[in-house]
Amino acid sequence: MSSNNETIFALSSGPVPAGLAVVRISGEEVPAVVASLVGDVPPARQAALRSIRTRNGLVIDTGLILFFPAPHSFTGENVAELHLHGGRAVVDALHRELVQFRNLRPAAPGEFSRRAFENGKLDLIEIEGLADLIAAETEMQRRLAVEQSSGGLSSIYNGWSDRLTRARALIEAELDFPDEEDVPGSVSDQVWADVASLVNELKSHLEQLEAGEIIRDGFKVVIAGRPNAGKSSLMNALAKRDVAIVTDIAGTTRDVLHVDLSMDGYLVKLYDTAGLRETDEIVEREGIRRAEKIIAEADLVIFIEDVSIKSEAEEVPDDAVLVGTKSDLPRQSAREYDLLISITHGIGLDALRSLIVDRLKAKVHPQSMAIPSRARHKETLTQTLAALRASLHDPHRGLDLRAEDLRVASDALGRVTGRVDVENLLDVIFGEFCIGK
Ligand SMILES: Nc1nc2c(ncn2[C@@H]2O[C@H](COP(=O)(O)OP(=O)(O)OP(=O)(O)O)[C@@H](O)[C@H]2O)c(=O)[nH]1
Ligand SMILES: [K+]
Ligand SMILES: [Mg+2]
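I will try to describe carefully the structure that is included in this document. (Residues numbered from 1 in each chain as written. Chains lettered and ligands numbered in written order. Predicted model: local features only at pLDDT ≥ 70, side-chain atom pairs only at ≥ 80, totals over all residues. Heavy atoms only, no water.)

A look at the side chain of Lys269
Consideration 1: As for its position among the elements, Lys269 is in strand β9 (residues 266-272).
Consideration 2: For Lys269, the side chain forms a polar contact with the side chain of Asp260, separated by 3.2 Å. (Helix = DSSP H or I, 4+ residues; strand = E, 2+ residues; numbered from the N terminus. Polar contact = N/O pair within 3.5 Å; in protein donor to acceptor, adjacent residues only side chain to side chain.)

A word on the nonpolar core
Within soluble globular proteins, side chains that are nonpolar generally end up buried alongside one another.
Consideration 1: One finds Leu234 and Ile356 to be the most contacted residues of the largest nonpolar core, which totals 36 residues.
Consideration 2: With 6 residues, the single largest contributor to this core is helix α11 (residues 349-363).
Consideration 3: Residues within four places of Ile356 in sequence aside, it is in contact with Phe219, Val221, Leu238, Met263, Leu300 and Ile302.
Consideration 4: Core analysis: the next-biggest nonpolar cluster, separate from the first, contains 24 residues, Leu164, Ala370, Ala387 and Leu406 among them. (Core = buried A, V, L, I, M, F, W, Y, C linked by side-chain atoms within 4.5 Å. Buried < 20%, exposed > 50% of the residue type's maximum accessible area, 1.4 Å probe, protein only. Contact = heavy atoms within 4.5 Å.)

Focus on the sheet that holds strand β5 (residues 79-86)
Consideration 1: Strand order in this open sheet of 6 strands is β3-β4-β5-β2-β1-β6, and the pairing throughout is mixed. The sheet terminates laterally at β3 (48-53) and β6 (104-106), the two strands that pair on one side only. Strand-to-strand twist across the sheet, computed as the mean angle between neighbouring axes with direction ignored, equals 30 degrees.
Consideration 2: Taken together, the 5 bridges between strand β4 (residues 59-68) and β5 define a ladder with antiparallel strand orientation. From the neighbouring strand, Leu64 faces β5, where its bridge partner is His83. (Pairing = 2+ DSSP bridges. Axes fitted to C-alpha atoms, helices over the stretch in contact; angles between N-to-C directions.)

Quick notes on the sheet that holds β9
Consideration 1: The strand order across the open sheet built from 6 strands is β8-β9-β7-β10-β11-β12, with neighbouring strands paired in mixed fashion. On the outer flanks of this sheet lie β8 (257-263) and β12 (339-340), each paired with one strand and no other.
Consideration 2: Where strand β7 (residues 219-225) lies against β9, 5 bridges are found, and the strand directions are parallel. Directly across from Lys220, in β9, lies its bridge partner Lys269.
Consideration 3: Set on the sheet, helix α8 (residues 209-217) makes contact with β7 and β9; between it and β9 the angle comes to about 75 degrees.
Consideration 4: The sheet contacts of helix α10 (residues 282-297) involve β7, β9 and β10 (300-306), and relative to β7 the element is tilted by about 140 degrees.

Some details on the coordination of the potassium ion (ligand 2)
Consideration 1: Those protein atoms acting as donors to the potassium ion (ligand 2) are Asn228 (OD1), Thr247 (O), Ile249 (O) and Thr252 (OG1), and they sit at 2.6 to 3.0 Å.
Consideration 2: In this model, the potassium ion (ligand 2) sits 4.8 Å from the magnesium ion (ligand 3).
Consideration 3: By relative accessible area, Ile249 is classed as exposed at 56%. (Donors = N, O, S within 2.8 Å, 3.2 Å for Na, K, Ca; no water.)

Brief notes about the packing of helix α6 (residues 152-176) against helix α13 (residues 399-417)
Consideration 1: Where α6 contacts α13, the axes come no closer than 10 Å and their chain directions differ by 160 degrees. When the axes of α6 and α13 are compared, the pair comes out roughly antiparallel. Both α6 and α13 take part in a crossing whose hand is left-handed. Counting all contacts with α6, which are made through Ser154, Tyr157, Asn158, Trp160, Ser161, Leu164, Ala167, Arg168, Ile171, Glu172, Glu174 and Leu175, the residues of α13 involved are Leu399, Asp400, Ala403, Leu406, Arg407, Ala409, Ser410, Leu413, Val416 and Thr417.
Consideration 2: When grouped by side-chain class, the residues that make up the contact of α6 with α13 number 12 nonpolar, 5 polar and 5 charged. (Parallel < 35°, antiparallel > 145°, perpendicular 65-115°, else oblique. Left-handed = near helix turned anticlockwise from the far one by under 90°. Nonpolar A, V, L, I, M, F, W, Y, C, P; charged D, E, K, R; others polar.)

All quantities given are derived from atomic positions and should not be read as evidence of function.
Listed below in structure tokens is the structure:
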């Protein structure tokens, strides 16, 4: 059990007014609070219909109550859920009543999840997965988050941890009994063979990071090209709304504009940028600087060119999709394009959408959804891999030094799931939750 002796509560469902409001309470005081509110403590884990009253006997509302005795609850503590009617005044009245109890206070953001972590109910990967699941807006984000929040990814890391622990134990045994004839050399060989295969598994796992990041954070597509090429018109057509200002004045767009699209279940982040050209105009120049920055960070650049004007020798970024636009106008450009479109005539847009999805899938083709997706995962897994490689680097190095590398690897891997001390990280991780989670 956690050492938290305060009981916390919060509205865990969405904003009121709504059909229902679910208020969650967690901590030691829960049975006493529930008995006071509804007159008894209902049977564990069964929905019970009750009148919820103030201590003066006034009815606040009638609703369902669920009691989850410790440790079989989300937080591992005593938990109650009150399902009320989702009115502002109903929730406020319950709030006013709850703050009257001793040792009862409103929860901080992420505090229920933090208690779940501290009581060993969820590890850090599962907690992060839960935050992602709540934030998920696309189907692929949901699948990735479900895999993480339900322990699929953790089980890989726990499996690796167990293998490392075993390897370290065998090496320690060899260090403790160096002259024992009956600790055969082949034991040590087996250990290093397994460490080598761990290195390979970790390496291919880390190669999936880019896919995980694209699924979680989105595939960044940047529209670039000369002023007046029709970039903002394309952005608006793909977004199906008027996001960007379109005029026939070259240099209309200055700031980087952005919309989120869902394509084939993936999050695509589409950016419109200032037209690229030499200019002395200060505002436009800043716009171009910003454009160049986002182009450098893009997963895919769509470089568009007006086919109705003679194309100048332009630098098109490597890997960019070269799109000729305004195909409704008489053609002047002799360049070969990957695709021709016309925004005014609605030509080629579906083909462009498919092309974006194809490029995305060329980068993201995970065999499984048990893949890393955050900078934090990358950092700790990279440290693990480096230490494992160090242990294999020179077989003639002292066994004690190689054992120390394995210890470093073990610690780094333990920090991924939070098995090893991560106190300094917790505020960051739980801070991204909303209140009530
Ligand atoms: N005929 C024709 N005109 C187009 C097409 N797409 C855009 N235009 C016109 O081209 C002009 C410039 O379009 P924008 O979308 O503002 O071009 P931009 O590349 O965003 O321009 P900057 O932001 O100034 O760099 C506008 O007058 C549009 O109406 C098209 O497919 N066909
Ligand atoms: K323009
Ligand atoms: Mg524009």
